[in-house]
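Structural characterization, general
Residue strings, one per chain:
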Amino acid sequence: MRRTVFNEDHEAFRDTIRAFIEAEVVPVYDEWFAAGQAPRDFYLKLGELGVFGINVPEEFGGAGLETHKFEAIQYEETARAGVSFGGSGVHVLLALPYIKSLATDEQKKRFLPKFVSGEEMWALAMTEPGTGSDLAGMKTTAKLSEDGTHYVLNGSKTFITGGVHADRVIVCARTDAPTAEDRRHGISLFAVDTKAEGYSIGRKLDKLGLRTSDTAELAFVDVKVPVEDLLGEENKGFYYLGSNLPSERWGIAFGAYAQAKAAVRFAKEYVQDRTVFGKTVASFQNTKFELAACQAEVDAAEAVADRALEALDAGELTAAEAASAKLFCTEVAHRVIDRCLQLHGGYGFMNEYPIARLYADNRVNRIYGGTSEVMKMIIAKDMGL
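These notes cover the structure that comes with them. Just so it is clear, the model here is predicted, and its values are computed rather than measured.

**Quick notes on the overall build of the chain**
Regarding its fold elements, the chain presents 12 helices and 10 strands. By the compact-globule yardstick of 21 Å for 385 residues, the chain fits well, its C-alpha radius of gyration being 21 Å. Evaluated residue by residue, the chain yields a buried proportion of 51% over its 385 residues. Long-range pairs, those at least 24 residues apart, make up 75% of the contacts in the chain between residues at least 6 apart in sequence. Carbon together with sulfur atoms contributes 53% to the accessible area of the chain, which is approximately 17,900 Å² in total.

**Observations concerning a nonpolar patch on the surface**
Judged by side-chain polarity, Tyr347, Phe349 and Met350 come together as a nonpolar surface patch covering roughly 350 Å² of accessible area. Topologically, Phe349 is positioned in the loop between α10 (319–343) and α11 (354–362). Its relative accessible area of 70% is what places Phe349 among the exposed residues.

**Things to note about the nonpolar core**
The biggest cluster of nonpolar side chains holds 112 residues, and the ones touching the most others in it are Val25, Phe42, Leu153, Leu189, Trp250, Val336 and Cys340. Broken down by element, the residue count for this core peaks at 14 residues, all from helix α8 (residues 245–273). Sequence-distant contacts of Phe42, defined by excluding residues within four places in its chain, comprise Phe20, Val25, Trp32 and Phe85.

**A word on the packing of helix α1 (residues 8–25) against helix α4 (residues 69–81)**
Where α1 contacts α4, the axes come no closer than 10 Å and their chain directions differ by 40°. When the axes of α1 and α4 are compared, the crossing they make is right-handed. Where α1 abuts α4, its residues Asp9, His10, Phe13, Arg14, Ile17, Arg18 and Ile21 lie against Lys69, Phe70, Ile73, Gln74, Glu76, Glu77, Thr78, Arg80 and Ala81. Looking at the contact of α1 with α4, its residues break down into 6 nonpolar, 3 polar and 7 charged.

**So, the side chain of Gln74**
Mapping Gln74 onto the fold places it in helix α4. Ignoring any residue separated from it by four or fewer positions in sequence, one finds Gln74 in contact with Phe13, Ile17, Val51, Ile54 and Phe85.

**A few points about the packing of aromatic side chains**
Taken as a whole and judged by the stated rule, the model has 17 aromatic pairs. Judged by centre distance (5.0 Å) and plane angle (85°), the rings of Phe13 and Phe70 are edge-to-face. Highlighted residues: Phe13 in helix α1 and Phe70 in helix α4, separated in sequence by 57 residues. The exposure class assigned to Phe13 is buried, which follows from its relative accessible area of 13%. Taking the centre distance of 5.5 Å and the plane angle of 45° together, the rings of Trp250 and Phe254 count as tilted. A residue pair is termed a helical-turn pair when its members lie 3 or 4 positions apart in one helix, as Trp250 and Phe254 do in helix α8 at 4 residues.

**Section: the pattern of salt bridges**
Applying the stated criterion across every chain yields a total of 26 salt bridges. Where Glu76 meets Arg3, a salt bridge forms, and the shortest distance between an N and an O atom there is 2.8 Å. Separated by 73 residues along the polypeptide, Glu76 in helix α4 and Arg3 in the segment before α1 bring together distant segments of the chain. Across the salt bridge formed by Asp167 and Arg40, the nearest N and O atoms sit 2.8 Å from each other. Here Arg40 lies in helix α3 (residues 40–49) and Asp167 lies in the loop between β3 (150–161) and β4 (168–174), a separation of 127 residues in the sequence. One salt-bridge network, held together by shared partners, links Arg3, Glu11, Arg14, Arg18, Glu76, Glu77, Lys261, Glu302 and Asp306.

**So, the environment of Glu233**
The residue Glu233 is located in the loop between β8 (230–231) and α7 (237–243) in this model. Between the alpha carbons of Glu233 and Glu106 there is a distance of 15 Å; along the sequence they are 127 residues apart. When residues no more than four places from it in sequence are discounted, the contact partners of Glu233 are Ser188 and Tyr240. Side chain to side chain, Glu233 and Lys236 meet in a polar contact 3.2 Å long.

Each value, and the rule that gives it
Residues numbered from 1 in each chain as written. Predicted model: local features only at pLDDT ≥ 70, side-chain atom pairs only at ≥ 80, totals over all residues. Heavy atoms only, no water. Helix = DSSP H or I, 4+ residues; strand = E, 2+ residues; numbered from the N terminus. Rg over C-alpha atoms; globule rule 2.2 N^0.38 Å. Buried < 20%, exposed > 50% of the residue type's maximum accessible area, 1.4 Å probe, protein only. Contact = heavy atoms within 4.5 Å. Areas by Shrake-Rupley, 256 points an atom, 1.4 Å probe, with all protein chains shown as cover. Patch = residues over 30% accessible without salt bridge, like charges linked within 9 Å, V, L, I, M, F, W, Y side chains within 5 Å. Salt bridge = Lys/Arg side-chain N within 4 Å of Asp/Glu carboxyl O. Core = buried A, V, L, I, M, F, W, Y, C linked by side-chain atoms within 4.5 Å. Axes fitted to C-alpha atoms, helices over the stretch in contact; angles between N-to-C directions. Left-handed = near helix turned anticlockwise from the far one by under 90°. Nonpolar A, V, L, I, M, F, W, Y, C, P; charged D, E, K, R; others polar. Phe/Tyr/Trp six-rings, centres within 6.5 Å; stacked < 30°, edge-to-face > 60°. Polar contact = N/O pair within 3.5 Å; in protein donor to acceptor, adjacent residues only side chain to side chain.

In short, shape yes, function no, at least from these values alone.
Structural data, given as structure tokens:
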């Protein structure tokens, strides 16, 4: 089916990204995989390529565009090559919206030029040990000093993608106690400098998948955060977080669709080359039927992902629509990737084959950004149930 979501400029960008991946990522990706993270200087290369500045205003060194379509192409091209850009995804998809919508002009002048160049990488720290998706239950605190010049940050966070390499982390912390009427009250956001005294990185977490994405535990012991690094207003952080969830969930949905599409490509290439009983695996009817069914599911997921992308760019993607896209695309990817791995036989279980890494990477899509069960609750509520 012909897609209409991308134009000639987008396809030219695709060519650039594909060439960059082939030259800068594919040859060294096994080293990244073994190390459990991409090297820090790789992000400077992404900055030089301009991918961090696409949605940043021109006055701060960006391209000044308002679209997620270039991000979408990156999802497709990294999946196609069986690689990733390490933990850089949170830099643009998660951190940038908060800077653009909440930062003052003074903060933007301080933060955005180095954001664009990759000199300062950003991450987002919400989740805490023991609270999971219950953000209102967070225990990390930020108390204003007596002289009013800084906040004192204490607490811990976990599952922080990009947390090892991050130079700035948007930390969610309690600046006031919850009220009886609203337990979400009292959360604020801070752009914390990771070089600050008392800030420390704990374990680099050993994950099932996303091996090249650095994910860490963070700890804060009397970290002094200047009042100039508060993002937005005090005590409104929970509501800021909610406003950016649709774009985050779109990103997960589109990434999952891209992974499913790549899985079909990997499986098709494998069965055409692999011979058993004197015949290619592709020549068996079961193989044809399996891949045909997978392709049909990918076509449907592509349509859902593209529709959500258009709605997001138009500023019209609702929470329920984003939840629906995430639920559908991640469940499709789960089924398709599993079936494509099966067609690889025993080799599909070997990490040297991209389908094995894709299988592991894909699993978290139904967990982070809100579990599939949470997505169903959002959709059901929107249905009036």
